[in-house]
Amino acid sequence: MADNNHSHFQHPYFVLTGIPGLEQKYYWIAFPLGAIYVIALFGNGVIISTIKSESSLHIPMYYFLCMLALADMGLTLCTLPSMLGIFWFNYKSIAFDSCLVQMYFIHTFSAIESGVLVAMAFDRVVAIWNPLRYGTIITNGVVCRAGAVILTRAVCVVFPVPFLIKRLPFYHSNILSHSFCLHQDVMRLACASTRINSLYGLIAVIFTKGSDSLSILLSYVFILRAVMAIASGEGRLKALNTCVSHICAVLIFYVPLIGLSVIHRFGKHLSPLTHVLMANAYLLVPPVLNPVVYTVKTKEMRKKIIQIFVQTKITAEG
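Residues numbered from 1 in each chain as written. Predicted model: local features only at pLDDT ≥ 70, side-chain atom pairs only at ≥ 80, totals over all residues. Heavy atoms only, no water.

1. Re the overall build of the protein chain
The number of helices and strands found in the protein chain is 13 helices and two strands. What you see for the protein chain is a C-alpha radius of gyration of 22 Å, in line with the 20 Å of a compact globule of 318 residues. Taken over the C-alpha atoms alone, the protein chain extends approximately 75 × 50 × 35 Å along its principal axes. Across the 318 residues that make up the protein chain, the buried fraction comes to 46%. Pairs at least 24 residues apart make up 80% of the contacts formed inside the protein chain by residues separated by at least 6 positions. Roughly 16,600 Å² of accessible area belongs to the protein chain as shown, and the carbon and sulfur atoms make up 71% of that amount. In the protein chain, 23 side chains carry a positive charge and 12 a negative one; their mean positions are 6 Å apart. (Helix = DSSP H or I, 4+ residues; strand = E, 2+ residues; numbered from the N terminus. Rg over C-alpha atoms; globule rule 2.2 N^0.38 Å. Buried < 20%, exposed > 50% of the residue type's maximum accessible area, 1.4 Å probe, protein only. Contact = heavy atoms within 4.5 Å. Areas by Shrake-Rupley, 256 points an atom, 1.4 Å probe, with all protein chains shown as cover. Lys, Arg positive; Asp, Glu negative; His and termini not counted. Charge placed at Lys NZ, Arg CZ, Asp CG, Glu CD.)

Okay, here's the thing in structure tokens:
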């Protein structure tokens, strides 16, 4: 009878968790956290504006980079309100529906970023495997269609997740483990069977991150075969050097993702601090490091950004 009465009660909000054990130091954590968000937004914004303003960068490779920067900005903006709310204002509550919206966009932008990394891998395969036909294979139309497919897949795959969560009752604990809403974290608080949610979540991950990681791996098998067929050692090194930025972006995205997934599945005995740090790394590290990697490793991008800063400085002084 008690359970039946509880089934009519639903928590109107969830309580987010910052960093366990460091609550007294949130004031000091807030400043580097704010700097991280500024770097992420500024870095990706510079990449997008540079590609948009410079006609010499209007080629498929940089269009894909622009998509990656947009996905990183989306991830950053999804977590910014709740993260800064906790560490700047000690505001930990998030409305139930707001939590579902945040969860949807976090997982959607994550799926978009994964899809863009696959598209960039295919771009590198064509550039190295068949460079003479690169311009006829990877056209602007192909880039637009690839972007549309990546966006549609992410939106459609993640769309059922909030509705599957909303049907569940939550009348015991409403304290989440992270500073933002993730599907696995919200699902564990439900007071009913979550078998359907777990099954769909697994299918969604396999269909997006699983198939994407396999596609990227196969792409680099083709790339290595093509590189090994190049006669000169200098040519091989030059070909591989064009993939360094993409390899770094893949590692930056997938290593924290795999670590977070493993911890959620098998690390229940670990301290809450470990869970929090891995989740924060999963969502904060790629938006911060991707602009740095592509600016440092891509000569054209680095040159254009330096030119823009010099011109801006001259204009300001004038």
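2. Side note on the pattern of salt bridges
A complete count under the given rule lists four salt bridges for this structure. A salt bridge links Asp212 to Arg153; the nearest nitrogen and oxygen atoms lie 2.7 Å apart. One end of the pair, Asp212, is in helix 9 (residues 195-228); the other, Arg153, is in helix 6 (residues 140-158), and 59 residues separate them in sequence. Judged on exposure class, the residue Asp212 and its partner Arg153 are both buried. (Salt bridge = Lys/Arg side-chain N within 4 Å of Asp/Glu carboxyl O.)

3. A few points about the packing of helix 3 (residues 60-89) against helix 4 (residues 96-129)
It is the contact of helix 3 with helix 4, at a shortest axis distance of 9 Å, that shows an interaxial angle of 160 degrees. Regarding the angle of helix 3 to helix 4, the classification is roughly antiparallel. Between helix 3 and helix 4 the crossing geometry is left-handed. Counted by class, the contact of helix 3 with helix 4 contains 18 nonpolar, five polar and four charged residues. (Axes fitted to C-alpha atoms, helices over the stretch in contact; angles between N-to-C directions. Parallel < 35°, antiparallel > 145°, perpendicular 65-115°, else oblique. Left-handed = near helix turned anticlockwise from the far one by under 90°. Nonpolar A, V, L, I, M, F, W, Y, C, P; charged D, E, K, R; others polar.)

4. Structural notes on the environment of Ala121
Relative to the helices and strands, Ala121 is located in helix 4. As for Ala121 and Ala148, which are separated by 27 residues in sequence, their C-alpha atoms are 17 Å apart.

5. A word on the confidence of the model for the protein chain
With 94% of its residues at a pLDDT of 70 or more, the protein chain has an overall mean of 87. The least confident element of the protein chain, judged by mean pLDDT, is helix 1 (residues 2-6) at 44; the most confident is helix 6 at 96. Across residues 1-8, where pLDDT falls below 50, the model places three contacts with residues more than four positions away in sequence or in other chains. (pLDDT = per-residue confidence, 0-100.)

6. Looking at the packing of helix 4 against helix 6
Closest axis-to-axis distance for the helix 4/helix 6 pair is 9 Å, and the angle between their directions is 145 degrees. Regarding helix 4 and helix 6, the two cross each other, and that crossing is right-handed. Within the contact between the two elements, helix 4 uses Tyr104, His107, Thr108, Ala111, Ile112, Gly115, Val116 and Ala119 and helix 6 uses Ile150, Leu151, Arg153, Ala154, Val155 and Val158. Considered class by class, the residues forming the contact of helix 4 with helix 6 number 10 nonpolar, three polar and one charged.

7. Re a positive patch on the surface
On the surface, Lys297, Lys299, Arg302 and Lys303 cluster together to form a positively charged patch. With three residues, helix 13 (residues 299-317) is the single largest residue contributor to the positive patch. Counting through the fold element by element, Lys299 comes out in helix 13. A relative accessible area of 60% means that Lys299 is categorised as exposed. (Patch = residues over 30% accessible without salt bridge, like charges linked within 9 Å, V, L, I, M, F, W, Y side chains within 5 Å.)

8. Side note on the nonpolar core
The nonpolar side chains of soluble globular proteins are, as a tendency, buried together. Of all hydrophobic cores here, the largest spans 82 residues; its most connected members are Phe14, Phe87, Leu117, Phe170 and Val186. Considering every element that reaches this core, the biggest residue donor is helix 4, with 16 residues. Once you skip the residues sitting within four places of it in the chain, Leu117 turns out to touch Leu68, Ile216, His246, Ala249, Val250, Phe253 and Tyr254. (Core = buried A, V, L, I, M, F, W, Y, C linked by side-chain atoms within 4.5 Å.)

9. Topic: the packing of aromatic side chains
For any pair of aromatic rings, the description rests on two quantities: the centre-to-centre distance and the angle between the ring planes. This structure, assessed with the given rule, holds 11 aromatic pairs. With centroids separated by 5.3 Å and ring planes inclined at 75 degrees, the aromatic side chains of Tyr104 and Phe105 adopt a geometry described as edge-to-face. Exposure remark for Tyr104: the relative accessible area of 14% places this residue in the buried category. Centre to centre, the rings of Phe253 and Tyr282 are 6.5 Å apart; their planes meet at 55 degrees, and the pair counts as tilted. Of this pair, Phe253 sits in helix 11 (residues 244-266) while Tyr282 sits in helix 12 (residues 272-297), and the two are 29 residues apart along the sequence. Pairwise contacts between aromatic rings join Phe14, Phe96 and Phe170 into one cluster. (Phe/Tyr/Trp six-rings, centres within 6.5 Å; stacked < 30°, edge-to-face > 60°.)

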